[in-house]
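Listed below, chain by chain, are the residues.
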Amino acid sequence: MTIKKILTEPNKFLRQVSKKVDEVSDVERTLMDDMLETMYDANGIGLAAIQVGVPKRIIVIDLGKKENKNMPLFFVNPVIIKKNDKLTTYEEGCLSVPDQFAEIDRPNKCTVEYLNYEGKKKMLDTDGLLATCIQHEMDHLEGILFIDYLSKLKRDYIIKKLSKSKPDRIVV
Ligand code: GNR
Ligand code: NI
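Because the structure is a prediction, the values reported are computed rather than measured. (Residues numbered from 1 in each chain as written. Chains lettered and ligands numbered in written order. Predicted model: local features only at pLDDT ≥ 70, side-chain atom pairs only at ≥ 80, totals over all residues. Heavy atoms only, no water.)

Among the secondary structure elements, R15 is positioned in the segment before α1 (26-41). Exposure remark for R15: the relative accessible area of 31% places this residue in the partly exposed category. Spatially, the C-alpha atom of R15 lies 19 Å from that of V76, the residues being 61 residues apart in sequence. A distance of 3.0 Å separates the side chain of R15 from the backbone oxygen of G143, its partner in a polar contact. (Helix = DSSP H or I, 4+ residues; strand = E, 2+ residues; numbered from the N terminus. Buried < 20%, exposed > 50% of the residue type's maximum accessible area, 1.4 Å probe, protein only. Polar contact = N/O pair within 3.5 Å; in protein donor to acceptor, adjacent residues only side chain to side chain.)

Below you can see the structure in the form of structure tokens.
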């Protein structure tokens, strides 16, 4: 397994719309393994493939906190088929927007349909942090970052700060 470089804003790759996966093959499984290792290494709870420069509709999530209690979830081609009208607020962060946090409102429950690690069609009802995290990751598949929900003033301020740190290099 390989720890990959996580792209950070501003980076035009993060703004592209990821493509549907035709079939979950070993190439995708290797990518998911690498994404999981990269996410654990960065202490994140979720990661979308585009964050490591791969524009495929693939997400990994693990809300389990203890090292010996990992609960990795893999979502390929996820689609939200139902979401609650009721919103909930979480303080969100993003590995592609380092050291920045903001309270974001999102539906507090959603049902997602997807293919799992084996390529089997699955459906999952989510709430709480998992619902928020899935929606955050699915935004990445559309090229959307949580800072896009902030005022232009706040967003521009964050992007300006991030621009002053090191630019990204894509490691192949
Ligand atoms: O690690 C992460 N924490 C987090 C906290 C609140 C809401 C969403 C997230 S996802 C984030 C990792 C990340 O950037 N995934 O794309
Ligand atoms: Ni993110």
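The next point concerns the coordination of the nickel ion (ligand 2). Coordination of the nickel ion (ligand 2) by the protein comes from C94 (SG), H136 (NE2) and H140 (NE2), over a distance range of 2.1 to 2.3 Å. Going along the chain, you hit the donors of the nickel ion (ligand 2) in the pattern C-x41-H-x3-H. Of the two residues, H136 and H140 both sit in helix α2 (residues 128-141), four residues apart, roughly one turn of that helix. In this structure, H136 and H140 share a single accessibility class: buried. (Donors = N, O, S within 2.8 Å, 3.2 Å for Na, K, Ca; no water.)

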